[in-house]
Amino acid sequence: MHAPTLVFELPGASPALFLVLEASTSVGSVALIADGSPVAVRPVAMGAGREDQLFPAVQALLAEAGVTAQQLAGVVCGAGPGSFTSLRIAASLAKGLAHGAGVPLFAVSSLLLAAADAADAGEASVHGPAVVHADALRGERYVLDVIFDADGRVQSQSALQRMTMEQLDAHAAGHPRFAVLGSPCPERESRIVTPTSTSLPRVAASAWMSAVPLDCWEPEYGRMAEAQVKWEAAHGAPLPSHRDA
């Protein structure tokens, strides 16, 4: 059974409409953002072994909101890090939609969307520097330093890093820290957050408003897929990409 679309009232005269896809975790979503406000959202369950529900969700979202892809100002894709398979599905779909509609493609860090979830929830203490982190498997965490401006919008302050929990404890000392979906040490977290497509308006425009190239952009997976790791170990060489063909 598919989740229903939550549709709000569209603003007046020709709003700038962006379709946002976020699929870095098992809790995916697609949303329409019009003039900086969410107008429709549809949750999408992601994960290994699940039937692809992202494309049907996009179709339903646009249909129920009465919007065509050609009316979009652009497509925004959550760029990871996170689930390799889900990110790849989302990226392929976002590229196809942008190409077919003749609109630009934008990418936004999924960790920034997660950090913005704290601001969306009205967390009173969300201002200044903070640290957001997510499970990177193998006992590590993906870590991004962020900063919230006076209006509660968030942007990155560092490149993506991988750390052990012990390293994270030292790195984040003295700053609020937000854990994506959960944490091995929940008592150390300021908040548990979820990257959602509706959080895009709480991300600083400078963090995502530069279009990415359709022919070569890929999400920031964080780690290679296990199948790729095994292939490269067996062959002693990098796995060829479609751009090498």
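Residues numbered from 1 in each chain as written. Predicted model: local features only at pLDDT ≥ 70, side-chain atom pairs only at ≥ 80, totals over all residues. Heavy atoms only, no water.

Q: Help me out: how do you make sense of the overall build of the protein chain in this one?
A: Helix and strand counts for the protein chain stand at five helices and twelve strands. The buried share of the protein chain, taken over its 245 residues, is 47%. Across the protein chain, the fraction of contacts at a sequence separation of at least 24, relative to all contacts at a separation of at least 6, is 64%. A total accessible area of about 11,600 Å² is found for the protein chain, and carbon and sulfur atoms account for 55% of it. (Helix = DSSP H or I, 4+ residues; strand = E, 2+ residues; numbered from the N terminus. Buried < 20%, exposed > 50% of the residue type's maximum accessible area, 1.4 Å probe, protein only. Contact = heavy atoms within 4.5 Å. Areas by Shrake-Rupley, 256 points an atom, 1.4 Å probe, with all protein chains shown as cover.)

Q: Help me understand the pattern of salt bridges in this model?
A: Oppositely charged side chains can pair when the atoms bearing their charge come close. Tallying each qualifying case throughout the model produces seven salt bridges. A salt bridge links K95 to E218; the nearest nitrogen and oxygen atoms lie 3.3 Å apart. Taken together, the positions of K95 in helix 2 (residues 84–101) and E218 in the loop between strand 12 (191–193) and helix 5 (226–235) put the pair 123 residues apart, joining distant regions of the chain. Judged by relative accessible area, which is 27%, E218 ranks as partly exposed. Across the pair E189 and R177 runs a salt bridge whose closest N-O atoms are separated by 3.0 Å. Separated by twelve residues along the polypeptide, E189 in the loop between strand 11 (177–180) and strand 12 and R177 in strand 11 bring together distant segments of the chain. Here the two residues E189 and R177 agree in accessibility, since each one is buried. (Salt bridge = Lys/Arg side-chain N within 4 Å of Asp/Glu carboxyl O.)

Q: Hey, could you run me through unusual backbone geometry in this one?
A: What is expected of a backbone is that most residues other than glycine have negative phi and most peptide bonds are trans. The step from G80 to P81 runs through a cis peptide bond, and the omega angle for that step is 5°. Of note in the backbone geometry, D35 takes a positive phi value of approximately 50° without being a glycine. Secondary-structure assignment places D35 in the loop between strand 3 (27–34) and strand 4 (37–45). The residue R138 is not glycine, and still its phi comes out positive at about 55°. Here R138 lies in the loop between strand 7 (128–135) and strand 8 (140–148).

Q: In this structure, what is going on with helix 1 (residues 54–65)? I would like to understand it.
A: Helical periodicity: at 3.6 residues per turn, an α-helix aligns residues three or four positions apart in one direction. Spanning twelve residues, helix 1 covers 16 Å between terminal C-alpha atoms, matching the ideal 16 Å at 1.5 Å per step. G66 sits one or two residues past helix 1 and shows a positive phi near 70°. (Expected span 1.5 Å × (residues − 1).)

Q: Even after reading the chapter, I still don't get the pairing of strand 2 (residues 17–22), so can you show me in this structure?
A: Residues in a regular strand point their side chains to alternate faces of the sheet. For strand 2, the tally of buried residues reaches six of six residues, placing the bulk of the element in the interior. Of the two faces of strand 2, both are covered, the one formed by L17, L19 and L21 as well as the one formed by F18, V20 and E22. Direction of pairing for strand 2 relative to strand 3: antiparallel, over a ladder of six bridges. Pairing of F18 across the sheet is with I33, part of strand 3. Taken together, strand 2 and the strand that follows it, strand 3, pair antiparallel across an intervening segment of four residues. (Pairing = 2+ DSSP bridges.)

Q: Could you clarify how one ought to interpret helix 2 in this entry?
A: With 18 residues, helix 2 extends 26 Å from end C-alpha to end C-alpha; this agrees with the ideal 26 Å at 1.5 Å per step. Restricting attention to buried positions, one finds in helix 2 the residues F84, S86, L87, A90, A91, L93, A94, K95, L97, A98 and A101. Those residues of helix 2 hidden inside the fold are in contact with strand 2, helix 1, strand 5 (74–78) and strand 6 (105–108). G102 occupies a position one or two residues after helix 2 and carries a positive phi of about 70°.

Q: So what exactly am I meant to see when it comes to the nonpolar core here?
A: The nonpolar side chains of a soluble globular protein tend to be buried, and buried together. Residues L32, L54 and V75 are the most contacted members of the largest nonpolar core, which totals 35 residues. Listed by contribution, the elements that provide at least two residues to this core are strand 2, strand 3, strand 4, helix 1, strand 5, helix 2 and strand 6. With seven residues, the single largest contributor to this core is helix 2. Leaving out residues up to four positions away in the same chain, L54 has contacts with L21, A23, V30, V44, M46, I89, A90 and L93. Core analysis: the next-biggest nonpolar cluster, separate from the first, contains 30 residues, I33, A115, A119 and V203 among them. (Core = buried A, V, L, I, M, F, W, Y, C linked by side-chain atoms within 4.5 Å.)

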